[in-house]
Structures are given as structure tokens and as C-alpha cells.
Amino acid sequence: MKNKIKYIILSVFISFAIISCSEDFLNIDPEQNIPAEKAVVSENTLKTALNGVYSELQGSDYYGRSFYVIPELMADNLFLSSRNTGRYLDFDNFVVSEEDSYVEGLWDNLYVVLVNASHVIEGGEKLEGGSQEQQALFDQLVGEAYALRALAHFDLVRMFAQPYNFTTDASHPGIPIINQVNDERISPSRDNVQMVYEQINSDLASAIIKMTASKNEGRFSVNAAHALAARVALYQEDYEAAISHSTAVIESGEFSLIGNAEYSSLWATDFNKESIFEIINTISDSPGFNSLGHFFVPDGYADALVPEDLINTYDPDDVRLSVIIAGTKSGAEEVANFVGKFPKGTSHDDNIKVLRMAEQYLIRAEAYAKTNKDDLARDDLQAVVNRANKDASPVTETGEDLIAKILLERRKELAFEGQRLFDLNRNKMDVEIVQGENVIQATYPNEKFILPIPLSELNANTNMQQNPGY
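Keep in mind the model is a prediction, meaning the values are calculated, not measured.

Undergrad: I'd like a rundown of the overall build of the protein chain, residues and numbers included.
TA: Looking only at helices and strands, the protein chain features 16 helices and ten strands. Here the C-alpha radius of gyration of the protein chain, 21 Å, is about what a compact globule of 470 residues would show, namely 23 Å. With the C-alpha coordinates aligned to their principal axes, the bounding extent of the protein chain is approximately 60 × 50 × 45 Å. Here the protein chain holds 470 residues, and 61% of them are scored as buried.

Undergrad: Can you break down the packing of aromatic side chains residue by residue, with the values?
TA: Counting across every chain of the model gives 18 aromatic pairs. Considering the side-chain rings of Phe 154 and Tyr 197, the 6.1 Å spacing of their centres and the 80° angle between planes classify their relative orientation as edge-to-face. Of this pair, Phe 154 sits in helix 5 (residues 132-160) while Tyr 197 sits in helix 6 (residues 193-210), and the two are 43 residues apart along the sequence. We note that Phe 154, like Tyr 197, is buried. Between the aromatic rings of Phe 154 and Tyr 235, the centroid separation amounts to 5.1 Å while the plane-to-plane angle is 75°, which identifies the pairing as edge-to-face. In this pair, Phe 154 is assigned in helix 5 and Tyr 235 in helix 7 (residues 222-235), connecting sequence segments 81 residues apart. Residues Phe 154 and Tyr 235 agree in their burial class; the two are buried. What links up through ring pairs into an aromatic cluster is the set Tyr 68, Tyr 88, Phe 91, Tyr 102, Phe 295, Phe 296 and Phe 342.

Undergrad: Which residues make up helix 4 (residues 101-125), and what values do they have?
TA: Here helix 4 is 25 residues long and its end C-alpha atoms lie 36 Å apart, about the 36 Å a rise of 1.5 Å per residue gives. Where burial is concerned, most of helix 4 is hidden: 22 out of the 25 residues are buried. Between the side-chain oxygen of the N-cap and the backbone nitrogen of Tyr 102 there are 2.8 Å, and the N-cap of helix 4 in question is Asp 100.

Undergrad: Hey, could you go over the pattern of salt bridges for me, with residue numbers and the actual values?
TA: Enumeration according to the criterion identifies 29 salt bridges in this entry. In this structure, the salt-bridge partner of Arg 411 is Asp 76, at a minimum N-O distance of 3.7 Å. Taken together, the residues span a long stretch of sequence, with Arg 411 in helix 14 (residues 399-413) and Asp 76 in the loop between helix 2 (66-73) and strand 3 (79-80) at a distance of 335 residues. Note on accessibility: Arg 411 and Asp 76 belong to one class, buried. With a shortest N-O distance of 3.5 Å, Glu 409 and Lys 412 are connected by a salt bridge. One end of the pair is Glu 409 and the other is Lys 412, both in helix 14 and three residues apart, which spans about a single turn. For Glu 409, a relative accessible area of 3% corresponds to the buried category.

Undergrad: Describe the side chain of Asn 337, and please don't skip the residues or the numbers.
TA: Positionally, Asn 337 belongs in strand 7 (residues 336-339). According to the relative accessible area criterion, Asn 337 is buried, its value standing at 9%.

Undergrad: Would you mind going over the packing of helix 13 (residues 374-388) against helix 14 in detail, with residue names and values included?
TA: Any two packed helices are characterised by the angle at which their axes cross and by the distance between the axes. Following both chains from N to C, one finds helix 13 and helix 14 inclined at 30°, their axes separated by 11 Å at the closest point. Relative to helix 14, helix 13 is oriented roughly parallel. At the point where helix 13 passes helix 14, the crossing takes the left-handed sense. Together, Asp 374, Ala 377, Arg 378, Leu 381, Val 384, Val 385 and Arg 387 of helix 13 and Gly 399, Leu 402, Lys 405, Ile 406, Glu 409 and Glu 413 of helix 14 make up the contact between the two elements. Among the residues making up the contact of helix 13 with helix 14, the classes are represented as six nonpolar, one polar and six charged.

Undergrad: Describe the confidence of the model for the protein chain, listing the residues and the values that go with them.
TA: Low pLDDT means the predicted coordinates in that region are not meant to be read closely. Scored by pLDDT, the protein chain comes out at a mean of 91, with 90% of its residues at no less than 70. pLDDT under 50 marks residues 1-37. Its contacts with residues more than four places away, or in other chains, come to 112 contacts.

Undergrad: How would you summarise the nonpolar core if you had to cite specific residues and measurements?
TA: If you look at the biggest cluster of nonpolar residues, it comprises 133 residues, and the most contacted ones within it are Tyr 62, Phe 91, Phe 160, Phe 220 and Phe 277. Looking at this core element by element, the count peaks at 15 residues for helix 5.

Undergrad: For the pairing of strand 4 (residues 275-279), give the residues involved together with the corresponding values.
TA: Looking along a regular strand, one sees the side chains alternate between the two faces of the sheet. Across the five residues that make up strand 4, a large majority, five, are buried. Relative to strand 8 (residues 352-356), strand 4 runs antiparallel, the two being bridged by four bridges. Among the inter-strand pairings, Ile 279 is bridged to a residue of strand 8, identified as Ile 352.

Undergrad: Describe the pairing of strand 9 (residues 431-435), listing the residues and the values that go with them.
TA: Counting buried residues in strand 9 gives four out of five residues, a clear majority hidden from the surface. Relative to strand 10 (residues 438-442), strand 9 runs antiparallel, the two sharing five bridges. By the bridge assignment for strand 10, Glu 432 is matched with Gln 441. The antiparallel pairing of strand 9 with strand 10 creates a hairpin that spans two residues between the two strands, and Gly 436 there sits at a positive phi of about 70°.

Undergrad: Quick one: what's the story with helix 14, residue by residue and with numbers?
TA: End to end, helix 14 covers 21 Å across 15 residues, agreeing with the expected 21 Å (1.5 Å per residue, within 8%). Those residues of helix 14 that fall on the buried side of the exposure criterion are Leu 402, Ile 403, Ile 406, Leu 407, Glu 409, Arg 410, Arg 411, Lys 412 and Glu 413. Against helix 7, helix 11 (308-311), strand 8, helix 12 (357-369), helix 13 and helix 15 (420-426) lie the buried residues of helix 14.

Undergrad: Describe the environment of Thr 398, listing the residues and the values that go with them.
TA: Tracing the backbone through its elements, the reader meets Thr 398 in the loop between helix 13 and helix 14. With 29 residues separating them along the chain, Thr 398 and Ala 369 place their C-alpha atoms 8.1 Å apart. The residues contacting Thr 398, other than those within four sequence positions of it, are Asp 374 and Arg 378.

Calculation criteria
- Residues numbered from 1 in each chain as written.
- Predicted model: local features only at pLDDT ≥ 70, side-chain atom pairs only at ≥ 80, totals over all residues.
- Heavy atoms only, no water.
- Helix = DSSP H or I, 4+ residues; strand = E, 2+ residues; numbered from the N terminus.
- Rg over C-alpha atoms; globule rule 2.2 N^0.38 Å.
- Buried < 20%, exposed > 50% of the residue type's maximum accessible area, 1.4 Å probe, protein only.
- Phe/Tyr/Trp six-rings, centres within 6.5 Å; stacked < 30°, edge-to-face > 60°.
- Expected span 1.5 Å × (residues − 1).
- Polar contact = N/O pair within 3.5 Å; in protein donor to acceptor, adjacent residues only side chain to side chain.
- Salt bridge = Lys/Arg side-chain N within 4 Å of Asp/Glu carboxyl O.
- Axes fitted to C-alpha atoms, helices over the stretch in contact; angles between N-to-C directions.
- Parallel < 35°, antiparallel > 145°, perpendicular 65-115°, else oblique.
- Left-handed = near helix turned anticlockwise from the far one by under 90°.
- Contact = heavy atoms within 4.5 Å.
- Nonpolar A, V, L, I, M, F, W, Y, C, P; charged D, E, K, R; others polar.
- pLDDT = per-residue confidence, 0-100.
- Core = buried A, V, L, I, M, F, W, Y, C linked by side-chain atoms within 4.5 Å.
- Pairing = 2+ DSSP bridges.

Given below as C-alpha cells:
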């Protein structure tokens, strides 16, 4: 049972349309009406509140499906089969509107995370541990909430605002920042992109200081916060920070690349040595027909397929081709290539890998290359290339050719993980929206490379500004 409200007096008394599930924590109650049993007043209530924030990441409107699918479908890594269930059809056709239910669901779900994470932070900061161990636990949990709030702000600003470098000072419209409760501001306008990134960086700095866990299965850790900070810094073109944060993860000793021969275990094994942060999905958590696995696999909907153009970028001996499954889709494509990064398929959802080691090497490689440290960039790129193909040729490119090779390697390595559209947009590149045999050519800059603010939000908040082009 889902409830929708138009006005929520939580975080900055913001008038967002929020979708919430009845079992979730603090999603629909106005802050001044929260029952005592829901307040963050103890270790148990702090844990319960934080678990509620993590649970929001699982939903099909966030990492449970939309955030993995939309940025790939609006670029060149996925297209919808000619026989599909109608999910994400407007994204495939590049005709998304402000009334789109998936846009609304994504916006709502992300602001639920921000609202709840802010409440956890404020409640948790007031708790005083009775011992050093308990205080360390409180700090760890609050640090996780800071990291979750940073993640949601980052994902919102990527989806609903142009990239950081769209204007020289990042002064273009971003999204409303949620960083406190009990603020009397009502129906806020959009903060600019620079302000949003300042908030993200502040929250990540707090997370890194507060947390002590270097590895934390299914939850944020110090290394996961560094990994996210590296990604954020890359998008900001703060290459020295990207290098620093990715190096902290790589040299931590907690994680490493899975070997070429064991590549399949990267996707079949939860909490493997390459996974820095993943979202837990148990059998009881599974959204069933709404799951990522069901969306992709041949015995599910198999709505989104892999274009030949992407497959042709891989060498024949590239182990990553093993997660692209060739076959036939009954009643549709005689030759169909299915996404195989979710091996549990329709039985129940796989854990969702949000941050992993291969990306950290690619982040550092790109940052090195864009600061004229080609030798170091080639070393990091070679680590990923050799894992993919143990007989790969040495990387010899320099300058712009090296940057292009790194971006191509990102496309191949991170395919179907929700990063392709953002990589193209932040690098000011044109986008090809693949529709099977048809391709839409969209040039940079483009108003449609980002999503519209949902109509429900515009109706509820008179201060909200729509994105140009919608």
C-alpha cells in the first residue's frame, strides 16, 4: 500500500510529493507529529531509522531499477525490445515529459532518502554514548547517514541538472538541498549546482571523519565514502581530489580486482573482494516482477537489450562478454543480446553493486590523464584492461587518445550500471540513443540530457523552476 502526500514538514519543510511504503520509517509523518516510538532517541531507534533509509535504495524507482536503466537507455548501452511491457518507453524514444511516472517516482524516492537521512543525522548527533564503544557506534551510524544523504543529492543533481561544467562557475539550476529539519522555509526554489556539490562534499567529509568501519557489508564504510567522493570529484573536474580519494580506496588493502578467471563471481557472489558498496536484496526484499533481474533476463520481461554497437567494442577474448547473453526473443528479435549482470534472474533480486574497485582504477586513470600524468593513467587503465583480457596489448596511447580510450573502457566496464549518459554529458559529448536498428543523434549541449522536474512537484511548489525544454 502506497501513500502520496503533497506537503511534508520534514527536512526544510519542503512541499515535495512523497511516495512511501507503510512499513518504512519516518516517510509520511510531519516532523512535529512524529510519535515518540519513531523518534531517534536511543541506539535502537537510531539503527531502525538508518535501516529505513537503506531500504529506500532498494526500490524500483531508485537503484532497484530506474537508476540503473534510465542513464543507459537514454544513451547507447541499452535499447528496448520491439516486444516490451511499455516500461521506460519514453526514455528510449527520447520524449520524456514532466508527467512521466518514472520521473516522478525517482524524484519522490530520492527525496524520501534525503528527508529520512537528515532526520537520522539530527537525531543521532544529539545522542551521547555511555561508553567509547557506544559513541563510536553512534558516530559510525550517523556517518553512514551523511554518506547516504550525499549519494542521494549526487544522484538527484546528475539526473535533474546539467553537469557541473555546464557553466564556468556551476551557477546553473541544481536541485533543492535538504540538510536539516525544523527549518521554516516552505516550498524552496532550486539551489545552484555549485551549492549542491558543496553540500555533497561537506556530507562526505563528515562521513569519512565519523565512520570507523573500513569495510561494511551492505552499508557505507570509510572506503565506500572515499569511493563515492572520488566519483563526485571526477564529475566536478577536481582531479587531484579524485586521485586522492581513489588512491585511499585502492591502497586500503580491503578490496582488489577479481581475477580474469573468476570474473563471473563478481556478479554471482555478494560482498566479493571487488565490491565496495552494494545494496542488499534478500528473498523477502525482492520486488518480484519489478526487479532488475526480471526486467533484463530472458525468462523475465527481457525488455532492454544490448546493442551490437556496444558488443563490437569488446575484443573477442574479453571476459566481460560473458555477461552479455546471446539468444532469441520469442515473438521479437531473432538475434537478441540480454544483460547477464543479474544472474539470480527472476528467482529474487541480486544485490545491487553501486561502488566497486574497477571504477576506482578508471576514475584515477581519467584524473591522471586529464592532468597530463599519462604514465600513471596507463598503469591504472592497464589493470582493468588486463583483468578483462589477460592477453591484452599494452596501453600505449597518450593525450586525447588516452582519454578517449579510458572513456571507452568505462563504457565497457560499467555497462548497464547506470553511468553511461552521465559520462557522455560531463565530457560534453554527443549522445546516440539506440533504438534497435534506429539511432537518434543528440548533440551536446542538449536540454533533454537531463530529466524534467515532475509536474506534481511544480503543482505543489510554486517556487520550483522547470528545466528548459520541458
